[in-house]
Amino acid sequence: MRLTSVLSVPFAMVGRRTLDIATEMGGMTLMAGAILRRLFPPRVDGAELMRNLYNVGVKSFPIILVTGVFVGAIMVIQAGLYVEKYEATGFIGWGAGFATLREVSPIMIALMFNGRVGAKNTAEIGTMKVTEQVDALRTLAIDPVSYLIMPRFIAMVVMMTLLVVVGDATALIGGAFTSQFLLGVDVQLFFRSFVDLIHLEDFLLGVYKAITFGIAVGVVSCHFGITVTGGAVGVGRAVNDSVVASAIWIFVLNYVVTTLII
Amino acid sequence: MSAASKQVTHVEVPRDGVRIRCQGVSKYYRRTAVLDAVDLEVRDGTMLGLIGPGAAGKSLLVKIICGLVAPDEGHVFIDDIDVTRLRERELQALRMRLGMVFQNYALFDFMNVGENIALPLRMEGRSSETSIRNRVAEVLEQVALPGIQDKMPRELSGGMKKRVSFVRAVVRRPPIVIYDDPTGGLDPVTSAKIFRLLSDMKAQGTTSITISHDLDGIRPLCDQWLLIEHGKTLFSGDTSAIDQCETPYVRQFWRGEPA
Amino acid sequence: MSAHPPHKPNVLELFLAALGSPFVIVGEQFREIFKVFGLTVQYALHGRRRWKEVWLQAYRIGNESLVFIVCVAGSLGVTLVYQAGLQAERIIGDLTPLGGLYLQILLREFGPTITALMISTRVGTGIAAEIGSMVVTEQVDALQMSGAHPVEYLVVPRFWASVVMVFCLTCVSVLVSWLAGLLTALLAFGVSPYTFATLSFVIPGDVILLLMKTTAYGIAIPIVAGASGLSAHGGSEGVGWATTQSVVNCSLAVLFLDVLLSGFGYLVLLR
Ligand SMILES: Nc1ncnc2c1ncn2[C@@H]1O[C@H](COP(=O)(O)OP(=O)(O)O)[C@@H](O)[C@H]1O
Ligand SMILES: [Mg+2]
C-alpha cells in the first residue's frame, strides 16, 4: 500500500505539471486570439498607446544600452581568443559581428526586455486584477482587452524590434572599443571585416527574431497578468511564471526562426 | 562586547518606572511628515491606548518603537536604552523583551502554526526541543486553540490567526507587548475573547501599547491615552483627562459623536 | 513644527532632478546590494548553520529550474551548431573541429552564462517574489521581532544552495547543449559523433574559468534578488516592483561579471 503510493509520486508530479502547462498554453492561445480579433480592424486607445510606447521604449533604453555594450564586449573577447590562435585578426569584426547580430544580441536584448518590460507588465496588470480594477473596468463597460492589453501588446512588439536594432548598434560599438583596447585590434580593421563579410540578411534575421519575441513576451505577460489570483503573493508568483514562460518561448522561437529562414 | 550590548541583555526596570519613552519622534516620506514630533511615556505595568483615524501613523510609531523602522528625528528609549542608537545585533537582543501582534497577523505562511510559535523560542536558543514543544502546546491551550500545531496559517479564520499571532508574540513571556489592532475585522464575540487575553496579560504585569478602533473594548484596560492624527499629537494623558478634554475633535473621537 | 516647507521647483531644478535621479536610484540599489552582500558574507561565516534549510532550498532550485534549463540548453545547442555548421561548411568546408570548438565555447561562455541568466529568471525572481511578499505582509518585521535577522534567516540558506546549484545546473546545461549539438551535427551535416567526443581543444584554463564564473554567478544571484525583495514596500505593487527589479538586476549582474571574468580569462587564463 505504502510502496504504491510512493511510486505514484513521480507520475502524479509529471501529470500535474502537464496539466498546468496545458492550462497555461490554452490561456495563452485564448489571449492571442483575443488580441488578434481586436487587431483587424485595430481597436486601440490612442492616448494609452502613446503612453505605453513611452513606458516600454524610452524607459528600457538605458538597460538596453548597457546590455548591448556588455554583449559586444563578451563576444569580442570570445572571438578574440580564436582569432589570435589562428592569427586571423582581420576576421574579428566578422566573427564577433556575425554571432552578435544573428544570435546573441536578439536573445540577450529579448531576455532583458522580458525582465524589464514583460515582468513589469505582468505585475501591473496583475495588481490591477487583484485590486479589482479590472472588474471595475468591466462594470464601466470598458473592454479590458482593448483598453489595457492592446496598447501594451502593440507597444511591446514595436519596441522590442526597435530595441534589438539599438542593441545591435551598441553591441558593435562596445565590441569595437573592446577590440581596440583589450585586443589591440584597430577599430577600422574591426569595421572593415564587419562591412565586408556581414550581409543584410544577418541583421534582418535578428530583426525577424525580435518581432516574434515581442509577440511572445506580449501575449505571455498579458496572459499571466490577467489571470492572477491571490493578492500580493499571487502577483509575485505570476511575474515569476511569466518571465519563465517568456524565456522558454524566446529560445524555442529562436530555434524556429533560425531553421525556417536559413 | 560594548557597554551597550551588555546592557541590552540585562533587563532592569528604570528607576522612574518608565519602560517606553519616545522623545520628539518624526518620520518623513517624500517630504511630508507622517509622524511629527510625537512624545510618549509608558510606565511599568500599565497600558497605553494609541488611538486615531486610519493612516494616522499608529502602526508606524510602534514599528519605530521596536526598532523596525528608523525615525528621521527623535529618540526612543526602552528601559532607558536608546533604540535608535543600537546596532542590529544589539537590537536583536533587545527585542527578546518585546512582543508584537501585527495588524495583519504577519504569520509566516511557509511554516505551520506550531513552527510559527516555536520560532521566537528557537531564536532565543535557551530551551530544548521538547520543552519548546510543550510550551507551544501550553500557550495554544491558553487561547483555546489546542492541537492546531500542524495547520497552516491559510487554513485558519481571522480570529484564529489573531490569536496565533498573539501567542507568538507572548510565547517568550516578554515584559513589554505591543498590540496593533488586535480585534480589527473580528466579530464581537471573538473580540471579547481577545480583550480578555489582553486583560490577563496586564494582570500578570506586562507593560503594553494597544492600538485599537474598538474604544469600548479598550476603555477599561488602558491607563494612558495618545490620540494622533496625520502624525500629530492631538491628546496625551490619562483616562480622566481625556474624559474631560474639551477639544472638539478629541471629544468627537472619544465619545464617537458625529461631527 | 514643519521641517520641510512646501517648495515649488523651477524648471532648472526639475531638469537637474530628472538628470540626477537615475544616478540616485542606481546608487541606492548598489548600496542596498552591497549591504546585503556584506551581511550575507558575515552571517554565512559566523551565523547559525541551518543545513536542512540549505538542502531544502537546493532541492527547490533544482526542482524548479531543471526542466526549464534542459529546454533552453537543448534549443540553444541546436541553433548554435546549426548556424555554426552552415557557416563552417560555406567557408572552411571541414566540419571535424566543430565538436571540439563547440564544447570549448560552451564551457567558456554559453554554458555558465546562459544557465545563470535562466536561473536569474527562474530562481532570482522567485526569491525576490517570496521575500518581497514577506516584506509587504510584515512577515519580515515579525521575523525580526522573533529575534532572527532577515538576511541570516532568508538569504543565507538560499546563498549556499545557489552557489552549489548554479554549478550543478551549469554542468547539466553544458551536457544537454552538447548532446543537442552532437545530434544536430549528425542529422543536419552528417558529422561523426566521435569528433564531438573530444576534449582536445579544452585546456585547464577553460575549466578554471567555468568554475570561477559559476561561483560568481551563484553568489550574485541570491544576493541581488534578496536585496530586491528586502527593499519592496507597499502592497502587491511593491512585490511586482521587487520581482521586476530582481530579473533586471540579476541579469545585468551576470552580464557584468561575465565581461569581467571573460576579460580576466582572456588576459590571464586562456593564453
Ligand atoms: N514605507 C512607507 N512608505 C511610504 N509611506 C508610508 C510607509 N509606511 C507608512 N507610510 C505612510 O504613513 C502613514 C501612516 O501609516 P500607518 O502607520 O500604517 O497608519 P495607521 O496604522 O495609523 O492606520 C500612511 O499615510 C502611510 O501611507
Ligand atoms: Mg495600522
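Rules and cut-offs
- Residues numbered from 1 in each chain as written.
- Chains lettered and ligands numbered in written order.
- Predicted model: local features only at pLDDT ≥ 70, side-chain atom pairs only at ≥ 80, totals over all residues.
- Heavy atoms only, no water.
- Donors = N, O, S within 2.8 Å, 3.2 Å for Na, K, Ca; no water.
- Helix = DSSP H or I, 4+ residues; strand = E, 2+ residues; numbered from the N terminus.
- Buried < 20%, exposed > 50% of the residue type's maximum accessible area, 1.4 Å probe, protein only.
- Salt bridge = Lys/Arg side-chain N within 4 Å of Asp/Glu carboxyl O.
- Core = buried A, V, L, I, M, F, W, Y, C linked by side-chain atoms within 4.5 Å.
- Contact = heavy atoms within 4.5 Å.
- Pairing = 2+ DSSP bridges.
- Buried area = accessible area lost by both parts, 1.4 Å probe.
- Polar contact = N/O pair within 3.5 Å; in protein donor to acceptor, adjacent residues only side chain to side chain.
- Nonpolar A, V, L, I, M, F, W, Y, C, P; charged D, E, K, R; others polar.
- Near = heavy atom within 4 Å.
- Areas by Shrake-Rupley, 256 points an atom, 1.4 Å probe, with all protein chains shown as cover.
- Axes fitted to C-alpha atoms, helices over the stretch in contact; angles between N-to-C directions.

Chemist: How would you sum up the coordination of the magnesium ion (ligand 2)? Please name residues and give values.
Modeler: Residues and elements named next belong to chain B. The coordination sphere of the magnesium ion (ligand 2), as far as protein atoms go, consists of S59 (OG) and Q103 (OE1), spread over 2.0 to 2.2 Å. Taken together, the residues span a long stretch of sequence, with S59 in helix α2 (residues 58–65) and Q103 in the loop between β6 (98–101) and α4 (113–124) at a distance of 44 residues. Judged by relative accessible area, which is 30%, Q103 ranks as partly exposed.

Chemist: Got a sec to walk through the pattern of salt bridges? Specific residues and values, please.
Modeler: What the rule picks out here adds up to 34 salt bridges over all chains. For E48 of chain A, the salt bridge identified is with R51 of chain A, shortest N-O distance 3.0 Å. On the criterion of helical spacing, the pair formed by E48 of chain A and R51 of chain A is a turn pair, its members being three residues apart in helix α2 (residues 46–85). Among the salt bridges present, the one from D72 of chain B reaches K27 of chain B, with a minimum N-O distance of 4.0 Å. Placement of D72 of chain B in the loop between α2 and β4 (73–78) and of K27 of chain B in strand β1 (residues 18–29) is noted, with a sequence separation of 45 residues between them. Owing to a relative accessible area of 43%, D72 of chain B belongs among the partly exposed residues under this scheme. Of the residues examined, K27 of chain B reaches a relative accessible area of 10% and is grouped as buried. In this structure, a network of salt bridges that share partners links the residues D16, R21, E41 and D80 of chain B.

Chemist: Before we move on, could you go through the nonpolar core and cite the residues and values that matter?
Modeler: One finds F113 and I149 of chain A, L40, L61, I65 and I209 of chain B together with M118 of chain C to be the most contacted residues of the largest nonpolar core, which totals 185 residues. Per-element accounting of this core gives the leading share, 17 residues, to helix α3 (residues 98–136) of chain C. Those residues in contact with I149 of chain A, other than ones at most four positions away along the chain, are M31, I35, I125, P144, C222 and I226 of chain A. Counting 41 residues, the second-largest nonpolar core is a separate cluster that includes I132, L145, Y179 and C245 of chain B.

Chemist: I'd like a rundown of the pairing of β4 of chain B, residues and numbers included.
Modeler: Residues and elements named next belong to chain B. By the bridge criterion, five bridges tie β1 to β4 in an arrangement that is antiparallel. Bridge pairing in β4 places S26 opposite E73. Where β4 lies against strand β5 (residues 81–82), two bridges are found, and the strand directions are antiparallel. When the bridges of β5 are listed, I78 appears paired with I81.

Chemist: How would you explain the interface of chain C and chain A if you had to name every residue and give the values?
Modeler: The interface of chain C with chain A comprises 53 residues on the first partner and 55 residues on the second. For the pair chain C and chain A, the summed buried area comes to about 4500 Å², and 74% of that belongs to carbon and sulfur atoms. Between chain C and chain A we count zero salt bridges in total. Where chain C packs against chain A, one counts seven residue pairs in polar contact (both at pLDDT 80 or more). Within the residue set of the side of chain C that touches chain A, elements represented by two or more residues are α2 (51–91), α3 and α8 (236–269) of chain C. Looking at the side of chain C that touches chain A, the element that brings in the most residues is α8 of chain C, giving 18 residues. Of the residues that constitute the side of chain C that touches chain A, the class distribution is 28 nonpolar, 18 polar and seven charged.

Chemist: I'd like a description of the site of ligand 1, backed by residues and values.
Modeler: All names here are of chain B. Contacts to ligand 1 come from Y29, V34, G54, A55, A56, G57, K58, S59 and L60. The separation between an oxygen atom of ligand 1 and a polar main-chain atom of K58 is 2.9 Å. Within the side chain of S59, a nitrogen or oxygen atom sits 2.7 Å from an oxygen atom of ligand 1. Protein coverage of the free-state accessible area of ligand 1, which is 570 Å², stands at 60%. At three residues, the largest contribution of residues to the shell around ligand 1 is made by α2. For the shell around ligand 1, the class distribution of residues is five nonpolar, three polar and one charged.

Chemist: Before we move on, could you go through the sheet that holds strand β3 (residues 47–51) of chain B and cite the residues and values that matter?
Modeler: All names here are of chain B. If you trace the six strands from one edge of the open sheet to the other, you get β6-β7-β8-β3-β9-β10, paired in mixed fashion. Because the sheet does not close on itself, it has two edges, and the strands there are β6 and β10 (232–238). For this sheet, the mean inter-axis angle between neighbouring strands, taken without regard to orientation, is 15°. Bridge analysis of β6 against strand β7 (residues 176–180) gives four bridges, and the strand direction is parallel. Across the sheet, residue G99 finds its bridge partner in β7, namely V177. In this fold helix α7 (residues 188–203) packs onto β3, β7 and β8 (207–211), with an angle of close to 160° to the strand it touches most, β7.

Chemist: Please set out the sheet that holds β1 of chain B residue by residue, giving values where relevant.
Modeler: Overall, antiparallel pairing links the four strands, which are arranged β2-β1-β4-β5 (chain B) in an open sheet. Each of the sheet's edge strands pairs with one partner strand only, and the pair in question is β2 (32–43) and β5 of chain B.

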